[in-house]
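Here is what each chain is made of, one letter per residue.
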Amino acid sequence: MNPPPLRFSRENLQFHRELTRATQAWLDQHGDHRFANGAMIAKAVLLALLAAGCGWLGLQQTHWTGWAACQAGVSFFAMLLTINVVHDASHQAFFRSKSANRWLNVLATIPLGLDPECWRVRHVLMHHTGNNVIGYDPDMEENGILRQSRFQRLRPLMRYQRYYWPLVAALTFPYYIWLFDWLDRAGQTRVGAKMRLQGIKGWAAFLLVKVGHFLLVLALPLWLLPPSLGIGTIVLVYLSCQMLASLVFVMLIIGTHWAKGNSYQPTEQGKLPHSRYSHLFATTCDWTTRPHWLGYWLGGMNLHLTHHLFPHWNHRHYPMLAGIIAQIAARYGYDYQCLTLTQLMSSQQRFLQELGEDKAES
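Residues numbered from 1 in each chain as written. Predicted model: local features only at pLDDT ≥ 70, side-chain atom pairs only at ≥ 80, totals over all residues. Heavy atoms only, no water.

Let's talk about the UniProt feature "transmembrane region" (unreviewed entry) in the protein chain
Moving on, step 1. When the UniProt feature table is mapped onto this chain numbering, "transmembrane region" (unreviewed entry) sits at residues 40-59, 66-86, 163-183, 203-225 and 231-254.
Moving on, step 2. Here residues 66-86 runs as 100% helix and 0% strand, with 29 Å between its end C-alpha atoms. (UniProt positions renumbered as here; feature names shortened; annotations may be inferred. Helix = DSSP H or I, 4+ residues; strand = E, 2+ residues; numbered from the N terminus.)

This is how it looks when you write it as structure tokens:
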């Protein structure tokens with residue numbers, strides 16, 4: 001059963017107007033738009049070619065170490081393709097055309113294996129409308145393994161969650177790709193009813209990605225690689241590389257919602273005690289990359305509060321937007337934070353320790 005729509009308190013319209021005017025003025029001044037430009041398209045093509053190149057080199061290998069190195073490259077560039085392309089296209093922030101964004105998502109998700117429609121519903125329709133809200137944010141759902149909110153049950157195992165949570169992060173991609181996407185499409189979760197395509201059309205679009213991924217990263221290697229590598233080795237290397245990509249992705253992005261340690265439980269009517277802007281500043285932060293250019297290849301995922309405030313803008317604009325947000329937020333008393341990577345990782349550990357030991361309640 002779907003919960004009622006979230007109801008936030010009245011928004012600070014003056015802050016909203018000033019933020020909107022400042023960002024639109026920047027676009028007007030530079031004759032620009034909020035979508036991807038030629039450089040972003042070139043980056044997407046480059047990442048796709050690098051993933052394909054690693055896959056091609058992998059098929060030339062005769063020893064498992066060479067295969068493993070090439071497969072790691074495929075998973076790494078597939079992950080970068082997802083965060084640089086799929087993330088924006090899901091928010092209609094890559095191309096102007098909605099159909100072009102949908103087809104781009106289908107093609108860009110095949111190397112990694114995530115279903116683009118399941119991802120869109122979970123991320124865009126559910127996470128973005130109620131991040132860190134119990135019963136609304138799928139990333140905060142109680143799972144019996146990680147305690148992410150003081151509203152969730154504390155189990156003895158969770159005392160150690162700050163130590164074992166990297167394993168949970170590493171299993172996230174395989175879990176979604178090989179299990180949860182299928183449950184979503186089969187209508188066994190809240191995600192299924194929100195999908196754009198239902199019935200036979202929905203399953204056809206779903207299987208296009210899943211079968212394409214299987215053929216590309218497993219069936220083709222099993223067919224072309226020498227028998228000496230063995231089926232077990234090929235599958236184990238594939239899963240290990242997928243887990244490594246998952247670990248990097250989840251560790252870098254989930255801490256942006258853990259850093260401030262805030263989560264909320266709405267009333268039965270879906271009401272929260274603060275405005276939408278106040279909620280985002282209370283539950284999300286930005287962080288800096290060193291070297292600075294690393295943020296470019298991470299698709300701006302480090303500027304995650306900026307993304308939540310401007311989800312329909314291509315990530316090429318995030319550094320500019322973050323500067324405007326920091327300046328205007330200070331005048332209105334919003335808590336804008338841009339952490340270092342060290343601070344982000346420390347906040348993750350502190351968050352998990354406090355909730356695992358019930359210190360958040362004291």
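Re helix H7 (residues 172-185)
An α-helical turn contains 3.6 residues, so a residue and the one three or four places further along point in the same direction.
Moving on, step 1. Leucine 179 marks the point of greatest bend in H7, at about 40°.
Moving on, step 2. Residues of H7 that are buried in the fold lie against helix H3 (64-90), helix H5 (116-127), helix H6 (161-170), helix H8 (199-224) and helix H9 (231-258).
Moving on, step 3. At the exit of H7 stands glycine 187, carrying a positive phi of roughly 80°. (Bend = angle between axes of the 7 residues up to and from the residue. Contact = heavy atoms within 4.5 Å.)

Details of the side chain of lysine 260
Moving on, step 1. Mapped onto the secondary structure, lysine 260 falls in the loop between H9 and helix H10 (276-283).
Moving on, step 2. Once residues lying within four places of it in the same chain are set aside, the contact partners of lysine 260 are Phe281, Ala282, Thr284, Cys285, Asp335 and Gln337.

Regarding H10
Moving on, step 1. Counted residue by residue, H10 has six buried out of eight residues, so it is predominantly covered.
Moving on, step 2. Those residues of H10 that sit buried are Tyr277, His279, Leu280, Phe281, Ala282 and Thr283.
Moving on, step 3. On its buried side, H10 packs onto helix H1 (13-30), H9, helix H12 (304-309) and helix H13 (318-332). (Buried < 20%, exposed > 50% of the residue type's maximum accessible area, 1.4 Å probe, protein only.)

Considerations on a nonpolar patch on the surface
Moving on, step 1. A cluster of nonpolar residues, Trp178, Trp182, Trp203, Leu207, Val211, Phe214, Leu215 and Leu239, forms a patch on the protein surface that exposes about 670 Å² of accessible area.
Moving on, step 2. Looking at the nonpolar patch, the elements that each hand over two or more residues are H7 and H8.
Moving on, step 3. In terms of residue count, H8 provides more of the nonpolar patch than any other element does, five residues in total.
Moving on, step 4. Residue position: tryptophan 203 is located in helix H8. (Patch = residues over 30% accessible without salt bridge, like charges linked within 9 Å, V, L, I, M, F, W, Y side chains within 5 Å. Areas by Shrake-Rupley, 256 points an atom, 1.4 Å probe, with all protein chains shown as cover. Salt bridge = Lys/Arg side-chain N within 4 Å of Asp/Glu carboxyl O.)

A closer look at the state of the cysteines
Moving on, step 1. If you walk through the whole model with that rule in mind, you get zero disulfides.
Moving on, step 2. You can see cysteine 70 has no disulfide; the closest cysteine sulfur is in cysteine 54, sitting 6.3 Å from it.
Moving on, step 3. On the accessibility criterion, cysteine 70 (12% relative accessible area) is buried. (Disulfide = S-S within 2.5 Å.)

Focus: the environment of glutamine 14
Moving on, step 1. Locating glutamine 14 in the fold gives a position in helix H1.
Moving on, step 2. In this structure the C-alpha to C-alpha distance between glutamine 14 and tyrosine 332, which are 318 residues apart in sequence, comes to 9.2 Å.

Quick word on the layout of surface pockets
Summary: where empty space remains is shown by rolling a probe the size of a single water molecule over the atoms.
Moving on, step 1. Counted as a void, the largest pocket has a volume near 900 Å³.
Moving on, step 2. Residue lining of the largest pocket: 32 residues in total, with Pro138, Asp139, Thr172, Tyr176 and Ile254 positioned closest to the centre.
Moving on, step 3. Within the residue set of the lining of the largest pocket, elements represented by two or more residues are H5, H6, H7 and H9.
Moving on, step 4. Across the lining of the largest pocket, the residue classes break down as 18 nonpolar, eight polar and six charged. (1 Å grid on protein atoms, 1.4 Å probe; cavity = no way out; pocket = protein on both sides within 12 Å on 5 of 7 lines; lining within 4 Å. Points joined across faces, edges and corners; volume = space filled by probe spheres on them. Nonpolar A, V, L, I, M, F, W, Y, C, P; charged D, E, K, R; others polar.)

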